[in-house]
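Survey of secondary and tertiary structure
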Amino acid sequence: DIYNTLKNAVFQKYKDKNSLSTKLGKIFQKYVHKYCYENFSQDYEIIIKPINLDGLKGYENKKLDIDMVLYDKEKDFYYFTQIKYTLIHKSYLIDEIKYLGDNTAMDTAKKQLENIPEFLNYKDFQNKLLENNINIKNNNYALIIIHTTPQYDFQKIDNIQLYEWNNFRNLLKNDTM
């Protein structure tokens, strides 16, 4: 079909699916940052400075990468997000199973967010958040993966919510987060 023909042509140009996915992911991440800032900055503080473990000792074997934080000013609530562009859009069950089982964008995103509840117990991590004007108290936060795969919309993996970008954007527009 045309989908596979186009996909194969693009992969031939990039020789490697990972480099294409990374390039598209960076473009998508910038788009989401810009869109959120332009459309939601009245209701949300948008923090797009990446937050990671750089410079913190004792975290060498841990993963953390927060692509964007949305702070709901009215609710005093933070949304820590990972933004992932995915190349799979057709709902073939075998592809979906393989996609979730492999070390893929969703798995990577999950690993980059899942340790946040543990890290919040450590003063040096709390200080890093405070440097970015993020003041977590009483579990006033949620972990979210924003992605482009409709089959994984409104799903939850452990304590991480998955939202397809269009629906996430609509939830913000309608103030239903």
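Our subject is the structure listed above.
In this report, we go over the structure that sits alongside the text. (Residues numbered from 1 in each chain as written. Predicted model: local features only at pLDDT ≥ 70, side-chain atom pairs only at ≥ 80, totals over all residues. Heavy atoms only, no water.)

In this section: the nonpolar core. Ranked by size, the top nonpolar core spans 26 residues in total, and within it Ile66, Val69, Phe80, Ile116, Phe125 and Ile134 carry the most contacts. Of all the secondary structure elements, the ones that give two or more residues to this core are β4 (68-72), β5 (77-83), α4 (105-113), α5 (116-119), α6 (123-131), β6 (141-147) and β8 (160-164). Once you skip the residues sitting within four places of it in the chain, Val69 turns out to touch Glu45, Ile46, Ile47, Ile51, Tyr78, Tyr79, Phe80 and Ile134. Val32, Cys36, Ile83 and Ile146 belong to the second largest nonpolar core, which has 18 residues in total. (Core = buried A, V, L, I, M, F, W, Y, C linked by side-chain atoms within 4.5 Å. Buried < 20%, exposed > 50% of the residue type's maximum accessible area, 1.4 Å probe, protein only. Helix = DSSP H or I, 4+ residues; strand = E, 2+ residues; numbered from the N terminus. Contact = heavy atoms within 4.5 Å.)

This paragraph deals with α4. Residues Met106, Ala109, Lys110, Gln112 and Leu113 constitute the buried set of α4. Down the axis of α4, the buried side of the element spans an arc of 165 degrees, and every buried residue falls inside it. (Arc of directions from axis to C-beta.)

A few words now on the sheet that holds β6. Pairing is mixed in the open sheet, where six strands are placed in the order β1-β4-β5-β6-β8-β7. Looking at the sheet topology across the chains shown, the edges are occupied by β1 (44-47) and β7 (155-157). Across the sheet, the axes of successive neighbouring strands diverge by a mean angle of 30 degrees, strand direction being ignored. Summarising the sheet, β7 and β8 pair through three bridges and their orientation is antiparallel. (Pairing = 2+ DSSP bridges. Axes fitted to C-alpha atoms, helices over the stretch in contact; angles between N-to-C directions.)

Okay, the packing of aromatic side chains next. This structure, assessed with the given rule, holds 13 aromatic pairs. The residue whose ring lies beneath Arg169 is Tyr35, and the NZ or CZ to ring-centre distance is 5.6 Å. (Phe/Tyr/Trp six-rings, centres within 6.5 Å; stacked < 30°, edge-to-face > 60°. Lys NZ or Arg CZ within 6 Å of the ring centre and 35° of its normal.)

Now for the pairing of β5. With six of seven residues buried, β5 lies mostly within the body of the structure. Bridge analysis of β4 against β5 gives five bridges, and the strand direction is antiparallel. Within β5, the residue paired with Met68 across the bridge is Thr81. Linking β4 to β5, which pair antiparallel, is a turn of four residues; within it Asp76 sits at a positive phi near 50 degrees. With six bridges connecting them, β5 and β6 associate as parallel partners. Within β6, the residue paired with Tyr79 across the bridge is Ala142.

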